[in-house]
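Summary of the model geometry
One letter stands for each residue in the lines below.
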Amino acid sequence: MSSHRGPQSPKSPPASRWHAVRRLDGSAPLSRRTILRGLLGGAAIGIGLPPLDAFFDDHGERWLRDPFAPLLPRRAHAEGADGFPVRFGLFFWGNGTLPERWTPKGEGAGDAWQLSEQLAPLAAFKKKLCVVSGTRLGVPNSVPHFAGAAGILSGRPVKLSGTDHTFGGPSIDQIIAAVAGKETRFGSLELAVEGNGLSYNGPNSQNPVEKSPHKAFARLFGKGFTLPGEDPIPDPTVGLRRSILDAVATDCEQVRSKLGASDQLRLQAHLDAVRNLEKRLAKLEDDPPNLAACKLPTQPAESYPDIEGRPQLVVRSQIMAELAAMALACDQTRVVSHWLTHPVSNVLFKGATSGHHQLTHDEPGDQPEVHAIVLQCMQMAADYLKALDAIPEGKGTLLDHMAVLLCSEVSLGKTHSLEEMPVVIAGSASGKLKTDLHYRSKGGENTSKALMSIVRACGVDAATFGADDGLTKDGLAAIEA
Amino acid sequence: MMGATRERARWGKGATRTAPVALWCRRWIGTLAAALCAAAAGCDAPEEPKAYAALAPPVAAWPRLTREQYKAVVTDVFGDDLALPSQLEPDASIDGMFAVGAAIATVSNRGVELYEDGARGIARQIVEKPGRLGDLLPCGLGSRDACLQALVDRYAPRLWRRPASAEERTRVIAIGQKAGTALGTDADAMEYALAALLQSPHLLYRAEIGEPDPEAKGGLRLTAYELAGKLALVLGGGAPDAELVARAADGTLNDPKVLRLEAERLLKLPTARRAVRAFASQWLHLDGLDGLNKDPTIFKHFSTDLGAAAREETLRLVEWLVFEQDADMRDLITTRTTFVDRRLAAIYDVPAAVEDGFGQVTLPASGVRRGLLGHVSFLASRSHPVSSSATLRGVFIREVLLCEQVPLPPSDLNTSIPEASSTAPTLKERLIAHMLEPSCNGCHSYTDPPGFGLENFDGIGRYRSHDNGALIDPSGTIDGVNFKNAVELSAAIADNPNYRKCLVEKVWAFANNRRPGKGTHGTLERLEDRFGDEGMRLRALLLDVVTDPSFRRLAVAKAAP
């Protein structure tokens, strides 16, 4: 078995309440898990377990990762006044909007603005929304749809190689996960309803999405998941698995040194991912976070087959939303992305006479069918926010401790326009972003600025967002609290 | 039988290589230039195949095994009754080819998790079935340590495609010992040692470290083990067998004569079919068929598993042409033979040959359905959910079958096509109206005409004589050759010199995990000439490609190890 690890890093002086569980040499406090393992291993540790209820705070209103949390140095990661960490969510749909029916009426905060026709499905959350309109992507529109996707999500021009294209750098979810994903069992979650998502670690390195709700459930809440308050069963195989990963990492390191520059980078990415899994396996040996809202969700069905050639988008999106919400509530991850559809998706929406992408180009006039599809997407966005807002956390909800970016890769699908990009931010990121606001950009500011604000609100101390024509150093001051 | 009526053009040295419309001018450089060039058929062809030369990718020499290759290596070594992981890191694709994408593919966080999970599942199954590890479990070599040592020595040469070094062996044995101690049994020790072998980058990637090449001063060639591993993947799609490992171990594989004999032997094994199917699947973009999506209210023959059946049809035809007929590959485009199950038979309106599964049928001579361009795998996937698409079909013909690059549409263009009207009721007429727009003409006059020849097949691939009540006119011109229907279109494509050239490029790219690029022009030309001389037979081409010096030489000279 692997060596026992102390639960956390350097310690400040203990509060008297937890004095009993300090190690006898005074070096570091023990976690409940460590104590259990010690007892099972037959070691004579002459101290008692704290009563289980001591793991919760008085009212379930404070973030209490474990009873020793008050002893620990403040996390580098962003957290609000009530101690809950700031989480990030991305809700993406393909093929854009009809900008004239998308942009809200009026500007400013509160009653000064009203939701537009296409944003109407989000009415229940108006007070938790910030709509950013009038921005444009700075990047060249070199590949229809994909340039917009790379532009909005990474702030960089698409990276081209002949007929193939990739992102020039990480997408926003991975930029945030690089900081916010360090402490959780999963660095980030990529859940898709349709398509393969657009979560990139960097060029040619895309994160595979989970499309099956059943498999997503098994990964998140199957073996390896422990409910708050439950005693995890010590599992000696976890240590052995880490030993294997350590050997794999050594193999990667030895191979890497023999390769050319581009292959070295690829092996480095592999190596980083191996080390990352090693660390995440170590989390299995920790106590589960004690979060009042964390409950085991209902297990989804094995499959949700298409009905008459039309995928069950609403049902699948809803189930994925609930899994994501509970994964966040249980602190299994702090970064989630939800890929409803993808750019150029030709999925048959309910009531549509043709595929979505084809309609955006072929439907004449005011494009009533495209409009109906955008409304369906926004209804599913509302369902998504509802799932997040249904989780009580402290005096508010999970959504209040999040920044959820709702966006698409173009504005008007028909012309692949990158002007008037659709950007909605839900949740205030624990008060760091303004809500109930319509910010209308004058003169078409770079959309990257809105994403810069989100990245910073989520606790990433980044100097810039994007690169080349998409680069920004500044966020949008008007939306920052 | 097949294609016997068609006169075969011979492709000797000096055959014309001129593309009918030069590639360089098709790149989007403004509507005027494109329109002018399209009008002036016969712009000079550039010397290099520009579609590739301009795009030579960064050469990487450490391709990741595709998902199919990973699974095949495991089943080749441990038995095909293993339940394999249903999810693995997705393959990267370049021009639709995973073998080429493999050279840029990385492994993500999720990918490592999937490989780890997969390896544990496989290792567990291996130790759970009595006898799978022979005399190693129960351990018949006296000690756990001896059995662990034998495990590494026995399996690394096939799993990793080279023996483990002393240090690597020690590392794996240590894991086995640790597991045996912690969990108690020899089976546990073996299971964790196997899981370590199965997650190693030495399995997940194909090695190209190389050694000094005595034939090319200053250059590097693959080591004998690396060559064996590459050969096994290209011609067998999986792990090297014992004989190939032996040729690597004694170093004789470096002898070109031995290499040829081994390649000939491998092409006779059943695993060669797996490799050819993998090639065909990537070349013809058959992987995407799983996501086939059609409006069933319009297409009564659609069901969610139609895509998989359509892929199987095309793969069976390729397999039959290559292994049963050793046929000219132009037959793939022109043959009346195909393999259908009952659903495909219904779409093609022919009697199914067998009750269950796939049976061989001959399409009626009176019809217009011929070869690949008559398959549902092509017709349905290159269509919209509710209608056919002459453009998507034309782009496939241009890019996949003829290796010509179609520029992307300008991103700010109004892409609507006119509504059906009394003057333009059919898709073809609507698209022709679209082509009158100067900004559209440059590309669509190039992509759509071959698609028009297939308008007799609807969005799922059913024959139709009328579109929207009007008679379809499937005639047209491709690269100066007139055709009056799909039959003649197929013949024109099969005889297009770019079809032959393109197939050689695709096979070379598949075998070498990279696109042809700078410095490979001469190689490709040489292979192409031989391919023509040998009657355009795929197995002969594969043999030529793997015995060509470009197969065993390293793409980029690195510092010698």
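Read on for a plain summary of the structure. (Residues numbered from 1 in each chain as written. Chains lettered and ligands numbered in written order. Predicted model: local features only at pLDDT ≥ 70, side-chain atom pairs only at ≥ 80, totals over all residues. Heavy atoms only, no water.)

**Description of the overall build of chain A**
- A count of helical and extended segments in chain A gives 11 helices and 14 strands.
- Looking at chain A residue by residue over its 481 residues, the buried ones come to 62%.
- Nonlocal contacts in chain A, meaning residues at least 24 apart in sequence, comprise 69% of its contacts between residues at least 6 apart.
- Element-wise, carbon and sulfur atoms account for 54% of the exposed surface of chain A, whose accessible area totals about 17500 Å². (Helix = DSSP H or I, 4+ residues; strand = E, 2+ residues; numbered from the N terminus. Buried < 20%, exposed > 50% of the residue type's maximum accessible area, 1.4 Å probe, protein only. Contact = heavy atoms within 4.5 Å. Areas by Shrake-Rupley, 256 points an atom, 1.4 Å probe, with all protein chains shown as cover.)

**Some points on the environment of Glu167 of chain B**
- Mapping Glu167 of chain B onto the fold places it in helix 7 (residues 166–183).
- Only 2.9 Å separates the side chain of Glu167 of chain B from the side chain of Arg171 of chain B, close enough to count as a polar contact. (Polar contact = N/O pair within 3.5 Å; in protein donor to acceptor, adjacent residues only side chain to side chain.)

**Observations regarding the interface of chain A and chain B**
- Facing the 65 residues of chain A at the interface are 69 residues of chain B.
- The largest share of the area that chain A buries against chain B comes from Leu240, Ile244 and Arg266 of chain A, three residues that together contribute 12% of it.
- In this structure, the connection of chain A to chain B is made through 6 salt bridges.
- The salt bridge partner of Glu113 of chain B is Arg219 of chain A, with a shortest N-O separation of 2.7 Å.
- Where chain A packs against chain B, one counts 18 residue pairs in polar contact (both at pLDDT 80 or more).
- Mapped onto the side of chain A that touches chain B, the elements with two or more residues apiece are strand 8 (205–206), helix 5 (213–221), helix 6 (236–256), helix 7 (261–283) and helix 9 (356–362) of chain A.
- The dominant element in the side of chain A that touches chain B, judged by the number of residues it contributes, is helix 6 of chain A, at 14 residues.
- In the side of chain A that touches chain B, the residues fall into 23 nonpolar, 27 polar and 15 charged. (Buried area = accessible area lost by both parts, 1.4 Å probe. Salt bridge = Lys/Arg side-chain N within 4 Å of Asp/Glu carboxyl O. Nonpolar A, V, L, I, M, F, W, Y, C, P; charged D, E, K, R; others polar.)

**So, empty space enclosed by the protein**
Residues and elements named next belong to chain A.
- Counted by the stated rule, this structure contains 13 cavities of 30 Å³ or more.
- The calculated volume of the largest cavity comes to roughly 160 Å³.
- If you trace the largest cavity, you find 15 residues lining it, with Arg185, Lys283, Pro288, Pro289 and Gln332 closest to the centre.
- Here the residues of the lining of the largest cavity sort into 4 nonpolar, 4 polar and 7 charged. (1 Å grid on protein atoms, 1.4 Å probe; cavity = no way out; pocket = protein on both sides within 12 Å on 5 of 7 lines; lining within 4 Å. Points joined across faces, edges and corners; volume = space filled by probe spheres on them.)

These values are about where atoms sit, not about what they do.
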